[in-house]
Amino acid sequence: MSEKDFDLICIGRSCVDLYSGEFGVPLERAMTFTKSVGGSPMNIAIGTSRLGLRVGAITGVGQEDNGRYLKWQLSCEGVDVSAVKTDPKRLTAMVLLSIRGDNDFPLIQYRENCADMGLTAEDIDPDYLARAGAVLVTGTHLSREGVRSATMKVLETAKRLGLKCILDIDFRPNLWGLQGHDAGSSRWAEASEQVTSEYKKVLPYFDLIVGTEEEFFIAGGKTEAMEALREVRRLSKALLVFKLGDKGCAALPGDIPDSFVDEVVYPGFPVKVFNSIGAGDGFMSGFLRGWLRNEDLASCCRYANAAGAFAVSRLGCSSAYPSWTELQYFVSHGSKHKWLREDAMLEQIHWATNRRNKWKNLAVFAFDHREPFSALAAETGRDAKAITAFKNLAFRAVAEASSELEGQNDVGILVDDTYGQSVLFESNRYPFWVGRSIEKTGVNPLMFEGKADVGSTLQAWPENHVVKCLFRPGAKDAPEVVEENERQLCRLFSGARSTGHDLLLEIIVDQPQTREEQDACLLRWMRRCYELGVYPDYWKILPVADQGTWQAIEALIGEYDPYCRGILFLGLNVAEAELVKRFAALPESPRALGFAIGRSIFLEPARKWFAGQMSDEDAVATMRDCFLRLARAWNGRNRG
């Protein structure tokens with residue numbers, strides 16, 4: 001398939017899933033929800049993309065915020081959305097879900113006249129299908145005439161082009177009109193002959209058919225497993241994969257035996273079930289990772305069972321699925337936890353290898369400072385409004401510089417809540433990396449802005465805002481100060497992870513006697529963070545001149561967190577020329593992600609502006625030009 005653009009195209013149902021964050025309550029009493037992509041084919045698109053396959057999607061979304069969300073999130077997951085139809089007359093489907101108890105997962109489907117059910121044969125582009133090696137369809141889009149015609153065109157075109165065809169039976173009784181709206185979680189109902197006949201019409205097209213016992217009952221029109229499988233086999237030569245829940249799965253490439261014998265059963269992984277919704281889509285994703293790469297059946301089933309184990313262990317459907325790195329780690333190492341969501345290492349790998357944004361070569365203007373600005377305002381008789389106005393000018397400088405750095409640097413800002421709220425609002429109009437301060441300034445041990453509970457503060461932050469914490473330990477802090485700082489770092493990390501925010505930890509050693517003492521303290525605290533289970537997504541430190549110290553930092557990150565996004569370098573108010581020298585002296589390394597410089601850029605123009613000696617336009621131009629010079633110095637540091 002190397003000549004193809006896609007390993008797989010997934011066609012059919014899509015929706016926004018809203019999962020209750022409260023466990024053990026009826027859905028009608030759930031009050032908080034987490035958003036993710038849903039719908040069986042789109043779950044599989046994300047699951048297979050995370051496992052390293054190249055995936056496209058065909059579905060329908062509304063011309064509204066939920067539709068834009070689905071396309072954006074699919075794109076972030078590496079799924080091609082160029083063939084996703086935006087329907088101005090229909091709304092994107094939505095599902096509300098909760099976990100009420102063991103094996104009790106109520107859900108409500110909002111799919112009346114929804115956008116993905118508006119797909120027709122005219123929406124299927126044969127040229128797009130020709131770019132793939134395989135297509136996947138699911139049963140829901142056999143339930144209505146319009147989408148049925150689209151599904152049939154996909155299958156007929158795929159067969160003509162010689163593509164592999166895959167069916168996830170995906171039987172949902174209420175989506176076939178067999179049960180009411182309050183039966184959204186039901187997976188079984190006595191099906192009419194018409195439902196079974198629609199499945200039977202398409203079975204001959206497929207090379208792979210996957211389903212549960214109940215789903216094979218529907219597809220085969222029989223209510224005994226082997227009889228149902230034989231009826232499906234009579235109509236199809238496909239590999240049949242029969243999901244057995246916690247017992248694993250059976251893979252049947254040929255004749256159907258009288259019972260499931262060891263030769264066809266591949267055991268599952270013994271984990272506790274937290275949420276079974278979407279587990280089958282995770283299972284399918286794992287199976288396809290192997291099957292579409294021509295791996296043996298044992299490997300395909302091992303991947304499938306492992307991916308399903310992850311899915312039942314976490315909240316959410318597509319958001320729960322593993323990356324290829326994560327799956328390999330689990331298959332190789334297993335876990336001592338029956339609740340996989342309680343395995344700290346697996347959760348760290350899951351977080352770090354499924355990040356939404358992939359930033360590179362960051363150029364960040366840091367103006368989250370509070371004390372320097374409040375001091376300038378006091379000196380010049382200005383108020384807080386002036387500080388806010390100047391920070392707006394700093395943001396203008398970044399915005400103007402960003403167009404010149406396009407294609408060379410990802411551009412970002414570091415800003416604070418105290419004086420920078422208007423900048424934070426405006427930044428959402430730009431594709432910028434955004435870091436946001438949470439530490440109280442000038443205190444050791446650490447304290448944080450906002451509410452007493454860090455997570456409660458971060459719940460109100462947009463998901464793309466990076467939690468930035470400046471930590472200033474002393475080289476010889478008292479034991480009680482060290483202990484409190486450790487406790488606060490753990491609180492901060494827990495809060496950031498619980499709300500889905502990246503964490504940037506900036507360490508500046510306070511008043512070291514020597515550079516050696518500074519480097520030793522930095523390394524000691526970096527290691528201690530990892531020992532405490534604190535994994536910053538970014539580190540921010542002074543440029544490291546000593547080769548031995550740099551090698552020690554790289555070795556430390558490699559040992560504890562090879563998935564760390566990288567290191568940003570700060571300036572600590574040194575002159576621009578000195579910064580350029582420090583950039584040039586840095587060793588070339590993939591860990592060196594970029595810079596985050598503040599006072600070296602803004603302090604002099606700020607002094608003049610606050611004193612009334614510089615106009616808005618000149619302040620913007622001065623900061624913009626300095627920021628650009630530093631970005632170019634950074635970009636050219638390892639050349640020649």
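Residues numbered from 1 in each chain as written. Predicted model: local features only at pLDDT ≥ 70, side-chain atom pairs only at ≥ 80, totals over all residues. Heavy atoms only, no water.

**Q** Even after reading the chapter, I still don't get the sheet that holds strand β9 (residues 107–110), so can you show me in this structure?
**A** Hydrogen bonds along the backbone pair up the strands of a sheet, which may run parallel or antiparallel. What the four strands build is an open sheet, ordered β3-β2-β8-β9; its pairing is mixed. What marks the edges here is a single partner per strand, and that holds for β3 (33–38) and β9. Neighbour to neighbour, the strand axes of the sheet diverge by 20° on average, direction disregarded. Where strand β2 (residues 15–23) meets β3, six bridges bridge the pair, whose relative direction is antiparallel. Residue pairing in the sheet places S20 in a bridge with F33 of β3. This element, helix α2 (residues 65–76), spans β2, β3 and β8 (94–99) of the sheet and lies at about 70° to β3. (Pairing = 2+ DSSP bridges. Helix = DSSP H or I, 4+ residues; strand = E, 2+ residues; numbered from the N terminus. Axes fitted to C-alpha atoms, helices over the stretch in contact; angles between N-to-C directions. Contact = heavy atoms within 4.5 Å.)

**Q** Before we go on, may I ask you to explain the sheet that holds strand β4 (residues 55–58) in this structure?
**A** Read from one edge to the other, the open sheet built from nine strands follows the order β6-β4-β1-β10-β11-β12-β13-β14-β15, with strand pairing classed as mixed. Of all strands in the sheet, those bounded by a partner on one side alone are β6 (79–80) and β15 (265–266). Examined bridge by bridge, strand β14 (residues 249–252) and β15 share two bridges and lie antiparallel to one another. Each bridged residue has a counterpart across the sheet, and for A250 the counterpart in β15 is V265.

**Q** Any chance you could explain the pairing of β2 here in plain terms?
**A** A regular strand places its side chains on the two faces of the sheet in alternate fashion. The pairing of β2 with β8 spans five bridges and is parallel. From the neighbouring strand, D17 faces β8, where its bridge partner is V95.

**Q** Can you walk me through the environment of T622 in this structure?
**A** Mapping T622 onto the fold places it in helix α21 (residues 616–635). For T622, a relative accessible area of 33% translates into the label partly exposed. When the C-alpha atoms of T622 and E604 are compared, they prove to be 9.4 Å apart, with 18 residues separating the residues in sequence. In this structure T622 touches P605 and M614, once residues within four positions along its chain are discounted. (Buried < 20%, exposed > 50% of the residue type's maximum accessible area, 1.4 Å probe, protein only.)

**Q** Is there a simple way to explain the pattern of salt bridges in this structure?
**A** Here the idea is simple: oppositely charged side chains can pair when their charged atoms come close. The tally for this structure, following the rule as stated, stands at 41 salt bridges. Where R314 meets E347, a salt bridge forms, and the shortest distance between an N and an O atom there is 2.9 Å. With R314 in the loop between α9 (297–313) and α10 (324–333) and E347 in helix α11 (residues 344–353), the pair connects residues that are 33 residues apart, well separated along the chain. (Salt bridge = Lys/Arg side-chain N within 4 Å of Asp/Glu carboxyl O.)

**Q** Even after reading the chapter, I still don't get the domain arrangement of the chain, so can you show me in this structure?
**A** Size of an interface: often given as the accessible area lost when the parts come together. Domain assignment breaks the chain into domain 1 (1–189), domain 2 (244–354) and domain 3 (362–637). One C-alpha centre belongs to domain 1, the other to domain 3; they are set 41 Å apart. (Domains from an automatic or database assignment.)

**Q** Help me out: how do you make sense of the packing of aromatic side chains in this one?
**A** Centre distance and the angle of the planes are the two values used to describe a pair of aromatic rings. Enumeration according to the criterion identifies 32 aromatic pairs in this entry. Centroid distance F390 to W609: 5.5 Å. Interplanar angle 55°. Geometry classified as tilted. Of this pair, F390 sits in helix α13 (residues 384–405) while W609 is found in helix α20 (residues 599–610), placing the two residues 219 residues apart along the sequence. Considered together, F390 and W609 belong to a single accessibility category, that of buried residues. A network of ring pairs unites the aromatic residues F365, F367, W550, F569, F583, F595, F627 and W634 as a single cluster. (Phe/Tyr/Trp six-rings, centres within 6.5 Å; stacked < 30°, edge-to-face > 60°.)

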